[in-house]
Amino acid sequence: MTPETPAQAGQGAGGPSLSEGQYEFGDDENVSIERAGVSSGIWAVCAIVGAVLLGVLAAVQLYLDNIRGAILVLPLFLVCAVAGWLYFGAGRALKDVANTEGNDVELLMRALDRLAKAFRNEVVVTAIAVLVFVVLAVVTRL
């Protein structure tokens, strides 16, 4: 017979699962989780910087009376802004796992869900932005 892991111990005989009980990750796990949160925050900052640069580019295009150029930059600006916002939230949720006491598994599952949503939403928003960019490029060309 093999020894039970913490996850198996909480699941026997109709008892609460690990995510329903109190569990605290150790220092090594907290460092890894916090590192993932910091990386998500860095990616968010990169996306926000990209959004700011694209916003400046759009403003310059307007200043140069190139409305078409300003309009074409808008979808890319929105992708960067949305991605930055989503990754900030995911990073904060991951850092909360490492900085709080108790119920770490439930908090980690919520944080991973936020990160998965950020990935998924960035893909969707990027696909929409590419389509909008192509449509705007064709329509403003006419």
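Predicted model, so just to flag it, every value in this text is computed and none were measured. (Residues numbered from 1 in each chain as written. Predicted model: local features only at pLDDT ≥ 70, side-chain atom pairs only at ≥ 80, totals over all residues. Heavy atoms only, no water.)

Undergrad: Describe the overall build of the protein chain, with residues and values.
TA: Secondary structure summary: the protein chain contains four helices and zero strands in total. Ordering the α and β elements of the protein chain from the N terminus gives α-α-α-α. Among the 142 residues that make up the protein chain, the fraction classed as buried is 28%. A sequence separation of at least 24 residues applies to 73% of the contacts in the protein chain between residues at least 6 apart. Approximately 9200 Å² of the protein chain is accessible, and the part contributed by carbon and sulfur atoms is 68%. (Helix = DSSP H or I, 4+ residues; strand = E, 2+ residues; numbered from the N terminus. Buried < 20%, exposed > 50% of the residue type's maximum accessible area, 1.4 Å probe, protein only. Contact = heavy atoms within 4.5 Å. Areas by Shrake-Rupley, 256 points an atom, 1.4 Å probe, with all protein chains shown as cover.)

Undergrad: Explain helix α3 (residues 67-99) to me, using residue names and the numbers behind them.
TA: In an α-helix, one turn spans 3.6 residues; hence positions three or four apart end up facing the same way. Along its 33 residues, α3 runs 47 Å from first to last C-alpha, staying within 8% of the 48 Å computed at 1.5 Å per residue. Where α3 bends most, the angle comes to about 30°, and this point is L74, followed within four residues by the proline P75. (Expected span 1.5 Å × (residues − 1). Bend = angle between axes of the 7 residues up to and from the residue.)

Undergrad: Please provide a residue-by-residue account of the side chain of N30, values included.
TA: Take N30: it is sitting in helix α2 (residues 27-63). Apart from the residues lying within four places of it in its own chain, the contact partners of N30 are E24, F25, V97, A98 and D104.

Undergrad: Kindly report on the side chain of Q61, identifying the contributing residues and their values.
TA: Turning to its location among the elements, Q61 is positioned in helix α2. Taking the relative accessible area as the measure of exposure, Q61 reaches 16% and is therefore buried. Among the polar contacts listed, one links the side chain of Q61 to the side chain of N66, at a separation of 2.6 Å. Setting aside chain neighbours within four positions, we find Q61 in contact with N66, I67, G69 and A70. (Polar contact = N/O pair within 3.5 Å; in protein donor to acceptor, adjacent residues only side chain to side chain.)

Undergrad: Just give me the short version of the confidence of the model for the protein chain, but keep the residues and values in it.
TA: Summarising the model, the protein chain shows a mean pLDDT of 85, and 85% of its residues fall at 70 or more. Across the protein chain, the secondary-structure element scoring lowest on mean pLDDT is helix α1 (residues 6-9), at 46, and the one scoring highest is α2, at 94. Contacts of residues 1-13 to residues separated by more than four positions or lying in other chains number ten contacts, the stretch itself having pLDDT below 50. (pLDDT = per-residue confidence, 0-100.)

Undergrad: Can you break down the packing of α3 against helix α4 (residues 104-141) residue by residue, with the values?
TA: Contact geometry of α3 with α4 gives a least axis separation of 8 Å together with a crossing angle of 180°. As the angle between them shows, α3 and α4 are arranged roughly antiparallel. For the contact of α3 with α4, the per-class residue count stands at 24 nonpolar, four polar and seven charged. (Axes fitted to C-alpha atoms, helices over the stretch in contact; angles between N-to-C directions. Parallel < 35°, antiparallel > 145°, perpendicular 65-115°, else oblique. Nonpolar A, V, L, I, M, F, W, Y, C, P; charged D, E, K, R; others polar.)

Undergrad: Could you give an account of the pattern of salt bridges, with specific residues and numbers?
TA: Tallied over the full model, the rule gives two salt bridges. Where E106 meets R110, a salt bridge forms, and the shortest distance between an N and an O atom there is 2.3 Å. Taken together, the positions of E106 and R110, both in helix α4 and four residues apart, correspond to about one turn of that helix. Of the charged contacts in the structure, one is a salt bridge between K117 and D113, with a shortest N-O distance of 3.4 Å. Linking K117 with D113, this pair stays in helix α4, spanning four residues, or about one helical turn. Note on K117: relative accessible area 37%, which makes it partly exposed. When its relative accessible area of 37% is taken as the criterion, D113 is described as partly exposed. (Salt bridge = Lys/Arg side-chain N within 4 Å of Asp/Glu carboxyl O.)

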